[in-house]
Each structure stands twice: as structure tokens, then as C-alpha cells.
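Letter by letter, the chains look like this.
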Amino acid sequence: MTERRAQPERAAQVPEELTGQPRRVAVGSVVLRRMFSALRHRNFRLFFAGQLVSLMGTWMQNTALSWLVYQLTGSKVLLGVVSAASTAPMFFLSPYGGSLADRHPKRRVLLCTQTGMMILAFILAGLAAAGILRPAHIVVISALGGVAMAFDMPARQSFFVEITSREDLMNAISLNSAIVNGARVVGPAVAGLIMAKTSPAVCFLMNGLSFLAVLAGLMSMRLGHLSAHRHPHSPGHLREGFKYVLETRRLRIVFALFAVVGIFGWSYSVLMPALATDVLHLQERGYGILLGANGIGALAGALTTAAFGGSFTPRRLAFTGLYVFSAMLLTLTAFPHYATASLCLVCSGWGMMLFFSTINTVIQTSVPDNLRGRIMGIGRWCLAA
């Protein structure tokens, strides 16, 4: 027994020169490589670059549109109507968008949806520049954009496995969330400056032009057999996706959480213009800074998931994010001051993205390839509920 105890002690005293194993590990470089591992794939680099430009334009348009609606009407109700017009199509059509993504090449679906949203942005810019843009136009264009998004989101989210690898799937999802929220940092701030100097029409025009980047990236990709495979349509094609969710306990829990967060937590973003104008008494620049603060937190949350997502259980990451998100919204309600609001929005953005990035990864890694689009479509349906 004495000899057995002594062996590990002698092994621990072997000089580093003889073992050839360094005792110090460059933790920072390992974390950095892990954080950006999905970028080693050419197709994902093209997607990443195109999305970064396009999403910046999208957030510029969203910021300008919400501000313009509230300035034209002063109605919080109309803010909700515009938001409902853009999300209602996702509630009704996202499962069908997922079914379409499972039956057709996802790149082709994305080229169609991105082109449609580009055209809508140019129409919005033209109407605003001509001075004839009315709330009714905004509601209709928002609804048409929601239809495009209902087909775009399931195809885009289920596309990651085709442009990266299964090993880098979680990292790709987290990096995609990072660029979404990196754009949330820059886009609203730039939109605030542009609206202060020119008009919202310039923001809409720049959004339309930004879609050219993602379209160029999609057309430059070299895809393999997964993207080319087509699944035949059948009456039970969509029903098969719902059946899989109902029979899978993990997905039932995840989608229930999606529905709860979508109903009770997501609506805070709709009322941001009213918070900025009526409660905090801010102008365009201050409103853009508030949205940028939320984006900074969300960007940090996405990068946290990208770097450390494999070091903690999904349950711990998701619920930590949900607790922080809920606590910060309650604090914002109790202490509606500019400095407090900015800090709360940073922290709530971090928690929100930690939750969504983790949950999205759980879904993506829990489903077979032939059901991926439908499952992601059902997920969007739950979130829009």
C-alpha cells in the first residue's frame, strides 16, 4: 500500500524537460480559439461577413421605424400594432417556413427571403423620402416583412450545420448571435445620429443596400450534398415535426420556456420608444444609446456562450440568463432613471442572449437533420405566441 501511494508522488516530481509536457497552459489563447472556431469554415466566414453588414442595416431600420411611428402618432398602441403586424405572420407561418426549409435547398430559400426584405426596405425609403409615408403603410410593410421573416428564420437557423460542422455548431450559433447583437450596438447608435442630422429615410435606404452583402455571400458559397438534397412534400410533412416535439421531453420543456419568455418578457423592446420619450425624456441620440446598451449586453452574452458554453451545463447557462434578464427588467421598472436604465439594459441583454443562445444550441443538437427546419420553425412559432 505504501509503494502505491508513493508512485504518484515520484511521477509528479519528473522534470518537465523529460516529459515534454508544459505545465503552463495558455488559457487565453485556448479560449480565443474556441470562441471563433467556426470561422475556420469558408462558407461560415462568407455568411458571417454578409450578416454583419445586413444586420447592422436591419437594426438601423428598426430603430428609425419605431421612432418615426411614435413621432408621427404619439401612440403606444400603434407601436404595439406595428410590432404585432411584424410578429403575427411568424406565429402563423413559421412552421410552414420550417417545412419549406426541409424540402428545398436552404440557400435558395434565403436568397428569396433576403431579396424580398431588400425590396421592402427600398419601398419604405422611397415613401419616407417622398413625405407620403403613413402609419397604414408602415403596418402593411411590417406585415410583409414578417411574412418574409417567417420563412427566413427557420431556413437560416437550420443552415448552420451545412456551412460549419457538428463540432462547431454551438460556436456558429453563438457567433451568429454575437453579430446580431454587435449590430444592435452599432445600428441604433448610427441610426440616432443619422436621424438627428438627416431623416429616417436614409436609414431605410442604407438597410436596403446592406442586403447586397448577404446576397453576395450566399451566392459565393460552395455547398455539399446536404444543401442539394430535396425532401418530397406530403400532407403529413409539417405534422411530423409537431409529433417529434410532442414525443421529445427536452423539446417540450424548451418550447414551453420559449412561449413564456415570448409572452411575458419580449414585449419590453416594443415599448422602448415610449420609455425613452415619456419616462426618460430623451431625444433620438439617447434612444439609440439605450438600444445600444442592450445590444452591448447581448453581444457579451453571445461571446460568453461562444467561449464557455462547453464548460457549463445548458440548464445552468439557460436559467442563469433567464434569472438575470427577469431581475433587470424588474429593476428597470422600479428605478426608471437614465443611468439605471442603461445598466439594466446591458445586464438584461446579457441574460437574454445567454438564455437564447443556449436554448437554440440545445434545439439544434437534439434534432435529426431531416427535421431541423421544421423544429426551428416551431420554435419561432412558440416565441411569437
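This text goes with the structure placed above it.
A brief report on the enclosed structure follows. (Residues numbered from 1 in each chain as written. Predicted model: local features only at pLDDT ≥ 70, side-chain atom pairs only at ≥ 80, totals over all residues. Heavy atoms only, no water.)

**So, the pattern of salt bridges**
Piece 1. A full pass over the atoms with the stated rule returns 6 salt bridges.
Piece 2. Asp-152 serves as the salt-bridge partner of Arg-156, at 2.5 Å between the closest nitrogen and oxygen. With a gap of 4 residues between them, Arg-156 and Asp-152 both fall in helix 7 (residues 135-157), about one helical turn apart. An identical accessibility class is assigned to Arg-156 and Asp-152; each is buried.
Piece 3. With a closest N to O distance of 3.1 Å, Arg-374 and Glu-240 form a salt bridge. Of the two residues, Arg-374 is situated in helix 18 (residues 372-383) and Glu-240 in helix 12 (residues 237-247); the sequence distance between them amounts to 134 residues.
Piece 4. Judged by its relative accessible area of 37%, Glu-240 is partly exposed.
Piece 5. When salt bridges that share partners are traced, they join Asp-102, Glu-240 and Arg-374 into one network. (Salt bridge = Lys/Arg side-chain N within 4 Å of Asp/Glu carboxyl O. Helix = DSSP H or I, 4+ residues; strand = E, 2+ residues; numbered from the N terminus. Buried < 20%, exposed > 50% of the residue type's maximum accessible area, 1.4 Å probe, protein only.)

**Regarding the environment of Gly-321**
Piece 1. Here Gly-321 is to be found in helix 16 (residues 314-334).
Piece 2. Each C-alpha atom of the pair Gly-321 and Met-353 lies 7.2 Å from the other, and the pair is 32 residues apart in sequence.
Piece 3. Setting aside residues no more than four positions away along its own chain, Gly-321 makes contact with Gly-351, Met-352, Leu-354 and Phe-355. (Contact = heavy atoms within 4.5 Å.)

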